[in-house]
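One letter stands for each residue in the lines below.
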Amino acid sequence: MKRILKELNRTAGIRGSMVMTQDGIMVAAALGPDLVEDVVAALASALLTTVKRSFNQIAAGESLSELVLTATDGKMVFLDLGNAYLVVVAKRDLALASTMVEIQSAAHRIKNRRASTVQRQTAAAR
Amino acid sequence: MRKGGVVVRDVDSEVLQEVVVLRFLRNLFRRKDTVEYLREAWRTKPSIAVAEKLFHRLQDTGSPGAALAFIREAGRAYPHAQRLRDLQHQALRVRSSEEVKSLRAALAANPRPEIYARLGELYRYLGHCEEALEIAREGIARYPQSGGNYLAIGLVHYSRFLKTSSAHDGLQTEACLRQAYALDSASFKSLYYLACLYVYAGAKPMASECIARLAELMPGDNRVADLAQRAQALPDSPQGTAADYFRLHEARAMEAAAGAPGRAEPFAGLRPGKPLNDRLARIAALPGVDGVCVLDRYGARIAGAGRSGDTACNEAALQGMLEGARVNARRMSIGNFSRAVLRSKDWQVFLYELEPYGLAVMGGRTARQDLVQRKVTEFIEECLCEEQGA
């Protein structure tokens, strides 16, 4: 998983990425030197909790699948991975239209990887 | 007519009759929305509605240049018609977008400093501030002695300063415009906007100095005279650097915004009422968009358009999202929240910071982000233009 995140970080404009559970526990992270993993996970979880609760009121209980937050000095992208979220911290001038493909591809690979790991574990248990 | 077994046609009267019949038929079946018909209507009985129809017709017939020329003419005839002003902006945006394409091609073929500067200016006008900064910086890296690119960057920061009153943007504007003026001392625009900046920030001594230089550059210019009047009306304040004035301005704006209820330094373009609702209705009319609303800093809805459903519930939810985004963006050290897109399987919510208001656009999965973004940019520009009296 970390390898996928590292590959994603090679994309121009991306400062770091991580996978975290919905309650803010870090699963894997490849953040730059200026980003502290636990702090980003905690804050991202706080943001997701607040925003998801409000979003559910409007979207009649649908779960949030994607959140792109743009601020004056940077961007954050959250993608739903099922039980976890992929969080990407990027520079403000990142061209999201082209980079989103990379981010979604990374999310897809992480999801597949998790699915195959679960399958393997189930097979081993049997 | 029959004469001696020979039918002699009275050709002249028949032709005349035919012409009359044809003319009648033409008038009967003539399409009321053709350019000719509308032009005639504009000449004989001008009205805002006719102007609007003719403008759209000209645009549909693939003559944006003619549409722009006409809407300018109509704007002169009805100088207070907000709708015509909006259409003029729309036409200018279309023309600017086309110019961007041709300049991009020209830049690829033969890069010149003026092209970078013009592109920066156009991007700024179209509301693509990041692109404007990027292209102007690229221009500066290539041609450091060209003032136009500094001017383009300065104007982007100036727009932001008007919107946010941030001292940082004020300082950036000043530095870029001063640099542009230093490189081209005949640049009226750099000096003019520098003077505007000082007047806006209340820096009377600096503004007076710039206005004096402007008067030398363009004696008798109306814009300079207006600016001089505005500068004259500013209260006298103790001497200080420009940075002091910008910081003071920022502090005042923050203090004013903190006062309850609502805000003390209103974004005049966002006065609740029909014009604001009409503008929002244009966003709500986009395909896939269900509703749009503007909330004040306390979450109260000040304007809206489209279907709103359970309004109170939606307001609370949207305010929750806006506050969540605002607070957490700052906490995560990525600066101040400016916009967010939230998606689920069937829903999309677009949030925009209008300092200190928040704009929320709700839509289904089919709502296109680029179209929403474009319309919101137009909305913000129109509000800013109205605020500046442009």
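Fair warning: this is a prediction, and the values are worked out from it, not measured in the lab.

### Details of the nonpolar core
(1) Moving on: Counting 52 residues, the largest nonpolar core has Leu119, Tyr198, Leu214, Leu227 and Phe246 of chain B as its most contacted members.
(2) Moving on: The biggest single contributor to this core is helix 10 (residues 188-201) of chain B, with 10 residues.
(3) Moving on: What Leu119 of chain B contacts, discounting residues up to four positions off in sequence, is Val100, Leu103, Arg104, Leu107 and Ile135 of chain B.
(4) Moving on: Formed by 47 residues, the second largest nonpolar core is a distinct cluster that contains Ile103 of chain A together with Ile302, Tyr352 and Val361 of chain B.

### Let's talk about the sheet that holds strand 5 (residues 84-91) of chain A
Strands in a sheet are paired, the pairing made by backbone hydrogen bonds, and the direction either parallel or antiparallel.
(1) Moving on: Read from one edge to the other, the open sheet built from 10 strands follows the order 2(A)-1(A)-5(A)-4(A)-3(A)-5(B)-6(B)-7(B)-3(B)-4(B), with strand pairing classed as antiparallel. Because the sheet does not close on itself, it has two edges, and the strands there are strand 2 (26-31) of chain A together with strand 4 (301-306) of chain B. Pairwise comparison of adjacent strand axes, ignoring direction, gives a mean angle of 10° for this sheet.
(2) Moving on: Direction of pairing for strand 3 (residues 289-295) of chain B relative to strand 4 of chain B: antiparallel, over a ladder of five bridges.

### Focus on the interface of chain A and chain B
(1) Moving on: In this complex, chain A contributes 29 residues to the contact, which on the side of chain B involves 29 residues.
(2) Moving on: Counting each side, the surface lost to burial between chain A and chain B is near 2600 Å², with a carbon and sulfur contribution of 62%.
(3) Moving on: Together, Leu43, Phe55 and Ile58 of chain A form the three largest contributors to the area buried by chain A at its contact with chain B, with a combined 23%.
(4) Moving on: Joining chain A to chain B, the criterion identifies one salt bridge.
(5) Moving on: Put simply, Glu66 of chain A and Arg343 of chain B hold a salt bridge, and the shortest N to O gap is 2.5 Å.
(6) Moving on: Applying the counting criterion to the chain A and chain B interface returns six residue pairs in polar contact (both at pLDDT 80 or more).
(7) Moving on: With 10 residues, the single largest contributor to the side of chain A that touches chain B is helix 2 (residues 37-58) of chain A.
(8) Moving on: A class-by-class count of the residues in the side of chain A that touches chain B yields 15 nonpolar, eight polar and six charged.
(9) Moving on: Both strand 3 (residues 66-71) of chain A and strand 5 (residues 337-343) of chain B contribute to a ladder of six bridges, which runs antiparallel. Bridge pairing links Leu67 of chain A to Leu342 of chain B in strand 5 of chain B.

### Some details on empty space enclosed by the protein
Residues and elements named next belong to chain B.
(1) Moving on: Taken as a whole and judged by the stated rule, the model has four cavities of 30 Å³ or more.
(2) Moving on: Roughly 40 Å³ of internal volume is contained in the second largest cavity.
(3) Moving on: If you trace the second largest cavity, you find it lined by Arg279, Arg282, Ile283, Lys375, Glu378, Phe379 and Glu382.
(4) Moving on: Breaking the lining of the second largest cavity down by element, the ones donating at least two residues are helix 14 (274-284) and helix 16 (369-388).
(5) Moving on: Sort the elements by how many residues they give to the lining of the second largest cavity and helix 16 lands first, with four residues.
(6) Moving on: Considered class by class, the residues forming the lining of the second largest cavity number two nonpolar, no polar and five charged.

### What about the environment of Leu371 of chain B?
Residue and element names in this part refer to chain B.
(1) Moving on: Examined against the element boundaries, Leu371 turns out to sit in helix 16.
(2) Moving on: What makes Leu371 partly exposed here is its relative accessible area of 22%.
(3) Moving on: Distance in space between the C-alpha atoms of Leu371 and Pro287 is 9.1 Å, their sequence separation being 84 residues.

Cut-offs used in this document
- Residue numbers run consecutively from 1 along every chain, following the written order of its sequence.
- Chain A is the first chain written and ligand 1 is the first ligand written, with later ones labelled in order.
- Totals for whole chains, interfaces and linings use every residue, but because this is a predicted model, local features are given only for residues with pLDDT of at least 70 and side-chain atom pairs only at 80 or more, for both listing and counting.
- The side-chain numbers reported here are obtained from all heavy atoms of the structure, hydrogens and water having been left aside.
- Nine residue types can take part in a nonpolar core, namely buried Ala, Val, Leu, Ile, Met, Phe, Trp, Tyr and Cys, and a core is a set of them joined through side-chain atoms within 4.5 Å.
- Burial classes: relative accessible area under 20% of the type maximum marks a residue as buried, over 50% as exposed, and values in between as partly exposed (1.4 Å probe, protein chains only).
- The helix and strand labels rest on DSSP assignments: H or I over at least four residues marks a helix, E over at least two residues marks a strand, and numbering proceeds from the N terminus.
- Note on definitions: a residue-residue contact is assigned when non-hydrogen atoms from the two residues lie within 4.5 Å.
- In this description, strands pair whenever DSSP reports at least two bridges between them.
- Think of each axis as a best-fit line through the C-alpha atoms, taken over the contacting stretch in the case of a helix, with angles from 0 to 180 degrees between the N-to-C directions.
- Defined here as a combined quantity, buried area equals the accessible surface (1.4 Å probe) lost by two parts on assembly, summed across both.
- In the sections that follow, a salt bridge refers to a side-chain nitrogen of Lys or Arg positioned within 4 Å of a carboxyl oxygen of Asp or Glu.
- We call two N or O atoms a polar contact when they sit within 3.5 Å, provided that within protein one can donate a hydrogen and the other can accept it, with sequence-adjacent residues counted only if both atoms are side-chain atoms.
- Think of it as three bins: nonpolar holds Ala, Val, Leu, Ile, Met, Phe, Trp, Tyr, Cys and Pro, charged holds Asp, Glu, Lys and Arg, and polar takes everything else, Gly as well.
- Any residue with an atom within 4 Å of a point lines the site, the site being either a cavity, points on a 1 Å grid over the protein atoms alone where a 1.4 Å probe fits but cannot get out, or a pocket, an open set with protein on both sides within 12 Å along at least 5 of 7 lines.
- Grid points are joined across faces, edges and corners, and a volume is the space filled by probe spheres set on the points.

Read these as spatial facts, not as claims about activity.
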